[in-house]
Amino acid sequence: DIQMTQSPSSLSASVGDRVTITCRANQTTSTYLNWYQQNPGKAPKLLIYAASILQRGVPSRFSGSGSGTDFTLSISSLQPEDFATYYCQQSHSTPYTFGQGTKVEI
Amino acid sequence: QVQLQESGPGLVKPSETLSLTCAVSGGFISNFYWNWIRQPPGKGLEWIGYIYYTGRTNYNPSLKSRVTMSVDTSKNQFSLKLTSVTAADTAVYYCARSLKGSYYFDYWGQGILVTVSS
């Protein structure tokens, strides 16, 4: 299985801050790397797929980069609705696996 | 707009079988992969497996011996069975759609909490 490790596990930030979350795979996933946002009690929501492609309807303050084993999710100017937990997920090979999550708190 | 809706018992006894169905509306089940993903309370996400609309399946090896998925294209729905459940199978179970070739999950159900307890 491909193991995904996110850092940090949690972070505190303020509205307007730039936030970066890192996801590392223990073997290459090429650009088969996706990011999701999850609010409490809700299903995850796809933000970015193929490492850097913004899903339709997702604000442009979200961006993704990376390839191979190292990836980042950035939020350029944190908004109140962005306080949530973020997960990376590799879709390079089955079993598809997720990072452990990064909780973004106020 | 594609919508997915999970249904099934919210409480299952230990050693019994968990059975869930996901109804798909606003789109056809054909040409997509249909996934089950679970999340234990307060924990992360675990992919259980997928079924293609043709019936081809791919299960997570960690659960493979206990999982069966099926699809009913006439009803636009697919199902999950997980046998011999224990408390460790208590989780919110989500169904989700993915596309051939990319396999990211673009549409999700709202999730259903299944508790394993006597």
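Above this text sits the structure in question.
In this report, we go over the structure that sits alongside the text.

Parameters and conventions
For every chain, the first residue of the written sequence is number 1, and numbering continues from 1 onward in sequence order. Numbering of ligands from 1 and lettering of chains from A proceed in the order in which they are written. Note on the predicted model: pLDDT of at least 70 is required for a residue's local features to be given, and 80 or more for side-chain atom pairs to be given and counted; whole-chain, interface and lining totals, by contrast, use all residues. Hydrogens and water are ignored here; the side-chain numbers use all heavy atoms of the structure. At least two bridges found by DSSP between two strands are what make those strands a pair. Helix and strand assignments follow DSSP, with helices taken as H or I runs no shorter than four residues and strands as E runs no shorter than two, numbered in order from the N terminus. Between N-to-C directions, angles cover 0 to 180 degrees, with each direction set by a line fitted to C-alpha atoms, over the stretch in contact for helices. Two residues qualify as a contact provided that any one of their heavy atoms is within 4.5 Å of a heavy atom in the partner residue. Buried area: the accessible area, evaluated with a 1.4 Å probe, that two parts lose upon being put together, summed over both parts. Salt bridges are counted wherever a side-chain nitrogen of Lys or Arg sits within 4 Å of a carboxyl oxygen of Asp or Glu. Distance and chemistry together define a polar contact, namely a pair of N or O atoms within 3.5 Å, with one atom able to donate a hydrogen and the other to accept it when in protein, and with adjacent residues in sequence counting only for side-chain atoms on both sides. In this classification, Asp, Glu, Lys and Arg are treated as charged, Ala, Val, Leu, Ile, Met, Phe, Trp, Tyr, Cys and Pro as nonpolar, and every other residue, Gly included, as polar. Each residue gets one of three labels from its accessible area relative to the maximum for its type: buried under 20%, exposed over 50%, partly exposed in between, using a 1.4 Å probe on protein chains only.

### Some details on the sheet that holds strand 8 (residues 70–75) of chain A
Where strands meet in a sheet, backbone hydrogen bonds hold them as pairs that are either parallel or antiparallel.
Residue and element names in this part refer to chain A.
Part 1 of the reasoning: One open sheet holds the four strands; their spatial order is 1-3-8-7, and the pairing between them is antiparallel. In this open sheet, the two strands that pair with only one neighbour each are strand 1 (4–7) and strand 7 (62–67). Across the sheet, the mean angle from the axis of one strand to that of its neighbour is 15°, orientation sign disregarded.
Part 2 of the reasoning: Across four bridges, the pairing between strand 1 and strand 3 (residues 19–25) is antiparallel. Bridge pairing in strand 3 links S7 to T22.

### Some words on the interface of chain A and chain B
Part 1 of the reasoning: Facing 17 residues of chain A, the contacting portion of chain B comprises 21 residues.
Part 2 of the reasoning: Carbon and sulfur atoms make up 62% of the area that chain A and chain B hide from each other, which totals about 1600 Å².
Part 3 of the reasoning: Summed over the three residues of chain A that lose the most area to chain B, namely P44, Y96 and F98 of chain A, the buried surface amounts to 35% of that side.
Part 4 of the reasoning: Summed over the shared surface of chain A and chain B, the number is zero salt bridges.
Part 5 of the reasoning: The tally of links between chain A and chain B comes to seven residue pairs in polar contact (both at pLDDT 80 or more).
Part 6 of the reasoning: Of all the secondary-structure elements, those providing two or more residues to the side of chain A that touches chain B are strand 4 (33–38), strand 5 (45–49) and strand 9 (85–90) of chain A.
Part 7 of the reasoning: The class makeup of the residues in the side of chain A that touches chain B is 10 nonpolar, six polar and one charged.

### Quick word on the side chain of T90 of chain B
Residues and elements named next belong to chain B.
Part 1 of the reasoning: Summarising the element assignment, T90 is placed in the loop between strand 8 (77–82) and strand 9 (91–99).
Part 2 of the reasoning: One polar contact links the side chain of T90 to the main-chain amide nitrogen of V116, over a distance of 2.9 Å.
Part 3 of the reasoning: Once you skip the residues sitting within four places of it in the chain, T90 turns out to touch P40, P41, V114, T115 and V116.

### A look at the environment of T83 of chain B
Residue and element names in this part refer to chain B.
Part 1 of the reasoning: With respect to the element layout, T83 can be found in the loop between strand 8 and strand 9.
Part 2 of the reasoning: With relative accessibility at 29%, the residue T83 sits in the partly exposed group.
Part 3 of the reasoning: Put simply, T83 and L63 are 20 residues apart on the chain and 9.7 Å apart in space, counted from C-alpha to C-alpha.
Part 4 of the reasoning: Residues within four places of T83 in sequence aside, it is in contact with E16, T17 and R66.

### So, the sheet that holds strand 7 (residues 67–72) of chain B
Residues and elements named next belong to chain B.
Part 1 of the reasoning: Taken in spatial order, the four strands make up an open sheet running 1-3-8-7, and their pairing is antiparallel. The open sheet is flanked by strand 1 (3–7) and strand 7, the only strands paired with a single partner. Mean inter-strand twist for the sheet, computed between neighbouring axes without regard to direction, equals 20°.
Part 2 of the reasoning: Sheet topology note: the strand 7/strand 8 ladder contains six bridges and is antiparallel. Note that in strand 8 the partner of V71 across the bridge is F78.

Bear in mind that shape data such as this cannot, by itself, settle questions of function.
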